[in-house]
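Per-entry structural report
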Amino acid sequence: MTSVMEIYQLLPKTNCKECNESTCMAFAVALLSGSRQYTECPPLIKDDKYHNSRIKLEEILKPIQGAEETGLIVHEELCSGCGNCVVACPVNVANDPHGSGRGFGPTNEKVIFRVIDGKVKAANIEECRRFGKNRIMCNACIDPCPTEAIEFV
Amino acid sequence: MSDITTWICTGCALLCEDIQVYTTNGQIEKVEHACIMGKSRLTGCKHTAKPMIDHNDVTVDKAISQAANILKNAHNPVLYGWGNSTSQAQIAGIELARVLNAVIDSTSSFCQGITINEILQGQIPSCTLEEVREKADVILYWGADPMSSHPRHLSRYSYFPRGDMRQHGYEEDRKAIAIDVRQSRTAKICKDMFYRIPPGSDLEFMKALSDALDGKVPKLSFDMDIKRLLELATLLKKCEFGVIFAGLGLVYSIKEDIHILSGLISKLNELSDFSLIPMVGHFNMRGFNHNLFNETGYIHKVKFTDKGPVSGVEYSIIEQLKGNADAILVIGSDPLASLPGALSKRMEDIPLILIDPCENLTTRAADVTIPCIASGIEEGGTAYRMDGEIIELSPFIQSKGMSDEMIIQRIIKEIN
């Protein structure tokens, strides 16, 4: 998973404030959360000496762009559709105890995870325990994934 | 679930029965709940097989006649494959072997046959996957990596689901243990309950575990903390309902010493309640063993003679290809992709008939190719799940082609 330090190391580190953030570190945090784009850093875009940094940033920030509001990313290319997350997710179990909770495919639309065409898809993300005011750092979907196809950023 | 139409997946021997398939004009648009292996099997071949003789296009009737001729004129024909056929096709295949006085064998002769034989002979207790889901509190994956070979195994039955007696599921009520030579995907899920052993040392580990169960101090020639082994023995003793999923790693390592595994399971059953389920690969590989056992009393490596069926190592596909075979019929298998090169080469030297829905590596070497429709997708029937339960398959796509069972019946008719 991409860290804020990894992003920071690729920024100009001059704290010029041209992006309206107080420091380059604050801008790195905003990039990681997905609230800002790296193209909003004027020196990074204008100066050719940051060419390699731009390419690297584009590459490491790509997965974050696909993240849900909770920061959930499913790397479909890694997913084998095993359904461990479908059965382990506490929201799936609570909303579909006789389907997902018992190891079957989900039997209603209230679940977060379901496997379609051999790949897991996420929906109803507002139901995720990582969402909203009382959010908790639930790892129930990441932990049983054998291919590390699910991550939160 | 009752108001939703669900189908059986024939991607592997788990035969998941909760699959939803959406079709438009006979084409599959979407598959829900199946893993990537199941989806791949259900959505069909990349290239469908065509009827051919010597790589020239012919009609299906001509290809069947040519296959019947080859088999009729052969002195020692071998019928091989059967893992991806329904029980009905397998029973027809056994009849064909009887008509031809042929050798009939399946992939089980170098796969899970040895464990299935012990179960059928009553030497090793087994149970159903439903029992595993409802009751099992200790699950031992030995030389098996279901996360790679049967992706839904853990989520569907063995570890993650809540069962009647395991309401808290994997979080509190179940312990998963992996014994393997490498940290497989399954071993990663087992975390600190992964026991890494050197290749080929399963018997030594088994004996050490047996000593630990007897309260003796176990000895191991390889590096492993004995305390961990004692912890494992304590866990196995205390369990209420344990299951060992035996993979090919275990089967290949113990070879003919299956009695040591039977002995360990007997000992475990004196202390608690233990069963074994073989990790069967192809969707009806176990069915072949059951059907042949019902017909002949043997599970594989069978030769039909005028005096009746006989079985022995010399009738395994491997020994036959090394020696006597002068024609081979392959059905629902791709031996050129799975058998060692020298044996594949031998297959190219003798007349080779292939019955399969898809083009594969064996098609390239086949003298006669007969396309069939896909079992469990375009044709119904029954199959044995990896735990020996009989599952009814229903077709969800209409097809005009011939099933493998019909093709075998036609060959029998032409021979007679």
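These remarks concern the structure in this document. (Residues numbered from 1 in each chain as written. Chains lettered and ligands numbered in written order. Predicted model: local features only at pLDDT ≥ 70, side-chain atom pairs only at ≥ 80, totals over all residues.)

Turning next to the overall build of chain B. The number of helices and strands found in chain B is 19 helices and 18 strands. Taken over the C-alpha trace, chain B has a radius of gyration of 22 Å; the compact-globule value for 416 residues is 22 Å, and the two agree within 12%. For chain B, the spread of C-alpha atoms along the principal axes amounts to about 65 × 50 × 35 Å. Within chain B, the fraction of its 416 residues that count as buried is 54%. Residue pairs in contact within chain B that sit at least 24 positions apart in sequence constitute 69% of those at least 6 positions apart. (Helix = DSSP H or I, 4+ residues; strand = E, 2+ residues; numbered from the N terminus. Rg over C-alpha atoms; globule rule 2.2 N^0.38 Å. Buried ≥ 20, exposed ≤ 12 C-beta atoms within 10 Å, placed from the backbone. Contact = placed C-beta atoms within 7 Å.)

Turning our attention to the pairing of strand β11 (residues 274-278) of chain B. If a strand is regular, its side chains alternate between the two faces of the sheet. All names here are of chain B. For β11, the buried fraction is high: five of the five residues fall into the buried class. Where burial is concerned, the two faces of β11 agree: the one with Phe-274, Leu-276 and Pro-278 and the one with Ser-275 and Ile-277 are both buried. Examined bridge by bridge, strand β10 (residues 242-246) and β11 share five bridges and lie parallel to one another. Bridge pairing links Val-243 to Ser-275 in β11. (Pairing = 2+ DSSP bridges.)

Residues and elements named next belong to chain B. If you walk across this open sheet you meet the nine strands as β4-β3-β16-β15-β14-β5-β6-β12-β13, and the pairing is mixed. Pairing within the sheet leaves two strands with one partner each, and these edge strands are β4 (56-57) and β13 (308-311). Where strand β5 (residues 77-81) and strand β14 (residues 327-331) come together, five bridges link them in parallel fashion. Counted as the bridge partner of Gly-81 is Ile-331 from β14. Strand contacts of helix α3 (residues 87-100): β5, β6 (103-106), β12 (302-305) and β14, with the helix running at about 170° to β5, the strand carrying the most contacts. (Axes fitted to C-alpha atoms, helices over the stretch in contact; angles between N-to-C directions.)

On to the interface of chain A and chain B, then. The parts lose accessible area when they come together, and the size of an interface is often stated as this lost area. Listed as interface residues are 23 residues of chain A and, on the opposing side, 27 residues of chain B. Broken down by element, the residue count for the side of chain A that touches chain B peaks at four residues, all from helix α5 (residues 84-88) of chain A.

Attention now moves to the environment of B:Leu209. Residue and element names in this part refer to chain B. By the secondary structure assignment, Leu-209 is in helix α10 (residues 202-213). The buried category is assigned to Leu-209, around which 22 C-beta atoms lie within 10 Å. In this structure, the C-alpha to C-alpha distance between Leu-209 and Leu-232, residues 23 residues apart in sequence, is 8.1 Å. For Leu-209, the contacting residues outside a window of four places in its chain are Leu-229, Leu-232, Ala-233 and Leu-264.

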